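Remarks on the overall topology
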Amino acid sequence: MANADTDPAHRPSSARIYDALLGGNHNFAADREAAQHLLAAIPGAGEMARANRAFLHRAVRFLLDRGIRQFLDIGSGIPTVGNVHEVAQRRAPDARVVYVDIDPVAVAHSNDILKDNPSAVAVQADMRFPEAVLEHPSVRALLDLDQPVGLLLVAVLHFVPDDDAYAAVARLRAALPAGSYIVISHGVLEIVEDAATEQVTALYRRTDVSAAHGRTRAQILRFFGDAALVPPGLVWVHEWPDGGDGEPHGMAVVAAVGQV
Ligand code: SAM
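All values reported here derive from a predicted model rather than from experimental measurement.

Another aspect to go through is the environment of Val121. Relative to the assigned elements, Val121 resides in strand β3 (residues 120–124). Considered as a pair, Val121 and Leu142 are 21 residues apart in the sequence and their alpha carbons are 8.3 Å apart. When neighbours within four sequence positions are excluded, Val121 is seen to be in contact with Val97, Val98, Tyr99, Asn111, Leu114, Ser138 and Leu142.

In the region of the ligand, 19 residues are neighbours, and Tyr18, Asn52, Arg53, Gly75 and Asp101 sit closest. Gly75 has a polar backbone atom sitting 2.7 Å from a nitrogen atom of the ligand. Interatomic distance of 2.6 Å between a side-chain N/O atom of Asp101 and an oxygen atom of the ligand. Notes on the ligand: free accessible area 600 Å², of which the protein chains cover 98%. Of the pockets mapped on this structure, the ligand occupies the largest pocket. Listed by contribution, the elements that provide at least two residues to the shell around the ligand are α1 (14–21) and α3 (45–65).

Turning to the layout of surface pockets, a few remarks are in order. Here the largest pocket defines a volume of roughly 910 Å³. In terms of lining, the largest pocket is formed by 48 residues, of which the most central are Ala155, Val156, His158, Phe159 and Tyr204. Among the secondary structure elements, those contributing two or more residues to the lining of the largest pocket are α1, α3, β1 (70–74), β2 (96–101) and α9 (194–205). For the lining of the largest pocket, the element with the most residues is α3, which contributes 6 residues.

Let us now look at the packing of α3 against helix α4 (residues 84–91). One way to put it is that α3 packs onto α4 with a least axis distance of 10 Å and a crossing angle of 35°. Note that α3 runs across α4; the crossing there is right-handed. Between α3 and α4, the residues in contact are Leu56, His57, Val60, Arg61, Leu64 and Asp65 and Val84, Val87, Ala88 and Arg91, respectively. Taken together, the residues of the contact of α3 with α4 sort by class into 6 nonpolar, 1 polar and 3 charged.

Calculation criteria
- Residues numbered from 1 in each chain as written.
- Predicted model: local features only at pLDDT ≥ 70, side-chain atom pairs only at ≥ 80, totals over all residues.
- Heavy atoms only, no water.
- Helix = DSSP H or I, 4+ residues; strand = E, 2+ residues; numbered from the N terminus.
- Contact = heavy atoms within 4.5 Å.
- Near = heavy atom within 4 Å.
- Polar contact = N/O pair within 3.5 Å; in protein donor to acceptor, adjacent residues only side chain to side chain.
- Areas by Shrake-Rupley, 256 points an atom, 1.4 Å probe, with all protein chains shown as cover.
- 1 Å grid on protein atoms, 1.4 Å probe; cavity = no way out; pocket = protein on both sides within 12 Å on 5 of 7 lines; lining within 4 Å.
- Sits in = over half its atoms within 2 Å of the grid points.
- Points joined across faces, edges and corners; volume = space filled by probe spheres on them.
- Axes fitted to C-alpha atoms, helices over the stretch in contact; angles between N-to-C directions.
- Left-handed = near helix turned anticlockwise from the far one by under 90°.
- Nonpolar A, V, L, I, M, F, W, Y, C, P; charged D, E, K, R; others polar.

Structure below.
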């Protein structure tokens, strides 16, 4: 019999909570309940998820304009409208995409959608072990790591504790050839009330990820290492790349793109 802590019907997952926030239907009652708790703590969470998704689309189109034809999307989540391979292959049919997620449900749904697409695949892996990602047979088969890659770390790093996150991103960055890009969006600490942060941390402790870790802008910038930030740099997620009035407008997520 399934254990209540491991059965996906009982234990919420960060991928399925996000799917529920986006109005998707690949989630269970426990995920929907967790999404409701998240919305109680951060009422703008649904809007943030949609703004984050819109940023992902803009960033992929930006990379395509810069000639990027292969994408490594880590923490890719459950497929929803405007998946990276759809955005990329619409403009560049030769674009190749490897999705990586820790969540088996997200990976299964992704591979279901991708079964007739030879240029995109999803693999289950934990980004805290970047060697396992880089050496994965599907990554090796589909991506040429001697050619520029778009590394997408969109709304995932706040689920990874410091010790693992900085080391893992440094290893992934080191594997990218010159001309590659790193795309990051990340929950930021500055506008969320402490009480809400505590509620969100407690909520995610019940999921498959250890917790949600908002970071400061300086801490988020560290993930880029020596990569040169594309203008306008690290900004509220809805303001990339066109800028705006610099006000969060309810967002607690910032984003940037850097060139390696
Ligand atoms: N990147 C997508 C987007 O921005 O629309 C989905 C973001 S969703 C909020 C975060 C995803 O990160 C979830 O699907 C979760 O399963 C995944 N994730 C969390 N920790 C991870 C880890 N250590 N390794 C790989 N994926 C992870």
